[in-house]
Amino acid sequence: MNTSEFLSLLKQHQNKSLLFEYTEGKFVGANYHITEIKNIMVDSVDCGAGTDFWKETIVQLWESPKEKDKKEFMSAYKALGILNKVDGIKPMVRDAEIKFEYSNSDFHTAQLFVNDYAMDEQSLVLKLSVEKTDCKAKETCGVVDTSAEVVTEASNGCTPGGGCC
């Protein structure tokens, strides 16, 4: 989901509570605050010497320990107001992918992407997921993808002085 799509979704459902499911069946607490919006520019070189550049919007979510008993979630209207205020100070890149940075005592700090969303009469739920790391230079490095989960090196793969990895 890009930033523009997220803002549009909030605008269309301003009357709903905004919830974040950070892993299946586990939700960011109702005591969350939006504490930072980051405009990130990634300028990278992969292990095969390939270059890439992209932008991301990172929204940081933080659970206030002083409000741990809070039951009412932030509304999409309030979240949209925060994002619009930030956009007036530091404009967000509308076509940048939006991610959510979050952690708690049981979940490591991660930047999560929006995998899906669901809604009912009262709530808009963003279903977040962790992206797995991957070799972007498989072809250059001779890496064969034998399945969605297992990646092995080919015999002519990455070796010291071989130009990759």
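1. Thoughts on the nonpolar core
Thinking step 1. Grouped together as the largest cluster of nonpolar side chains are 29 residues, with contacts concentrated most on Leu10, Phe20, Leu61, Phe100 and Leu126.
Thinking step 2. Not counting residues up to four positions away in its chain, the partners in contact with Phe20 are Lys26, Phe27, Val28, Tyr32, Leu61, Phe100, Leu126 and Leu128.

2. Some words on the environment of Asn2
Thinking step 1. Structurally, Asn2 can be placed in the segment before helix 1 (3-12).
Thinking step 2. When the C-alpha atoms of Asn2 and Thr57 are compared, they prove to be 8.3 Å apart, with 55 residues separating the residues in sequence.
Thinking step 3. If near-sequence neighbours (up to four positions away) are discounted, Asn2 is found in contact with Arg94, Asp95, Ala96, Glu97 and Ile98.
Thinking step 4. Polar side-chain contacts of Asn2 include one of 2.8 Å to the backbone nitrogen of Glu5.

3. Remarks on the environment of Ile98
Thinking step 1. Relative to the assigned elements, Ile98 resides in strand 5 (residues 97-104).
Thinking step 2. In this view, Ile98 contacts Met1, Asn2, Thr3, Phe6, Thr57, Val59, Phe113 and Val114; residues no more than four positions away in its chain are not counted.

4. Describing the side chain of Lys16
Thinking step 1. Inspection of the secondary structure puts Lys16 in the loop between helix 1 and strand 1 (17-23).
Thinking step 2. Glu121 is the oppositely charged side chain nearest to the buried, salt-bridge-free Lys16, at an N-O distance of 5.4 Å.
Thinking step 3. Within the local environment of Lys16, its side chain forms a polar contact with the backbone oxygen of Asp120, the two atoms lying 2.7 Å apart.
Thinking step 4. Of the polar contacts made by the side chain of Lys16, one reaches the backbone oxygen of Glu121; its length is 3.3 Å.
Thinking step 5. Beyond its immediate sequence surroundings of up to four residues, Lys16 is in contact with Met74, Ser75, Ala76, Met119, Asp120, Glu121, Gln122, Ser123 and Leu124.

5. Things to note about the sheet that holds strand 3 (residues 32-45)
Thinking step 1. Read across the open sheet, the seven strands follow the order 2-1-7-6-5-4-3; overall the sheet is mixed. Each edge of the open sheet carries a strand with a single partner, namely strand 2 (26-27) and strand 3.
Thinking step 2. Relative to strand 5, strand 4 (residues 51-63) runs parallel, the two being bridged by five bridges. Within the sheet, the bridge partner assigned to Val59 lies in strand 5 and is Phe100.
Thinking step 3. Sheet contacts for helix 2 (residues 76-89): strand 1, strand 3 and strand 4; angle to strand 3, the most-contacted strand, approximately 50°.

6. Digging into the layout of surface pockets
Gaps between atoms show up when a probe of the same size as a water molecule is rolled over them.
Thinking step 1. Space inside the largest pocket adds up to approximately 180 Å³.
Thinking step 2. Taken together, Trp54, Glu56, Glu97, Lys99, Glu131, Lys132, Thr133 and Lys136 form the lining of the largest pocket.
Thinking step 3. Counting only elements with at least two residues in the lining of the largest pocket, the list comes to strand 4 and strand 5.
Thinking step 4. The residue makeup of the lining of the largest pocket, split by class, is one nonpolar, one polar and six charged.

7. Notes on the pairing of strand 1
Thinking step 1. When you tally the buried positions in strand 1, you get five out of seven residues, the bulk of the element.
Thinking step 2. Two strands pair when backbone bridges link them, and strand 1 and strand 7 (residues 123-129) are joined in this way by five bridges, in the parallel orientation. Across the sheet, the residue bridging to Leu19 is Val125, located in strand 7.
Thinking step 3. As defined by bridge partners, strand 1 adjoins strand 2 across two bridges and the pair is classed as antiparallel. Bridging across to strand 2, Thr23 finds its partner in Lys26.

About the criteria used
- Residues numbered from 1 in each chain as written.
- Predicted model: local features only at pLDDT ≥ 70, side-chain atom pairs only at ≥ 80, totals over all residues.
- Heavy atoms only, no water.
- Core = buried A, V, L, I, M, F, W, Y, C linked by side-chain atoms within 4.5 Å.
- Buried < 20%, exposed > 50% of the residue type's maximum accessible area, 1.4 Å probe, protein only.
- Contact = heavy atoms within 4.5 Å.
- Helix = DSSP H or I, 4+ residues; strand = E, 2+ residues; numbered from the N terminus.
- Polar contact = N/O pair within 3.5 Å; in protein donor to acceptor, adjacent residues only side chain to side chain.
- Lys, Arg positive; Asp, Glu negative; His and termini not counted.
- Salt bridge = Lys/Arg side-chain N within 4 Å of Asp/Glu carboxyl O.
- Pairing = 2+ DSSP bridges.
- Axes fitted to C-alpha atoms, helices over the stretch in contact; angles between N-to-C directions.
- 1 Å grid on protein atoms, 1.4 Å probe; cavity = no way out; pocket = protein on both sides within 12 Å on 5 of 7 lines; lining within 4 Å.
- Points joined across faces, edges and corners; volume = space filled by probe spheres on them.
- Nonpolar A, V, L, I, M, F, W, Y, C, P; charged D, E, K, R; others polar.

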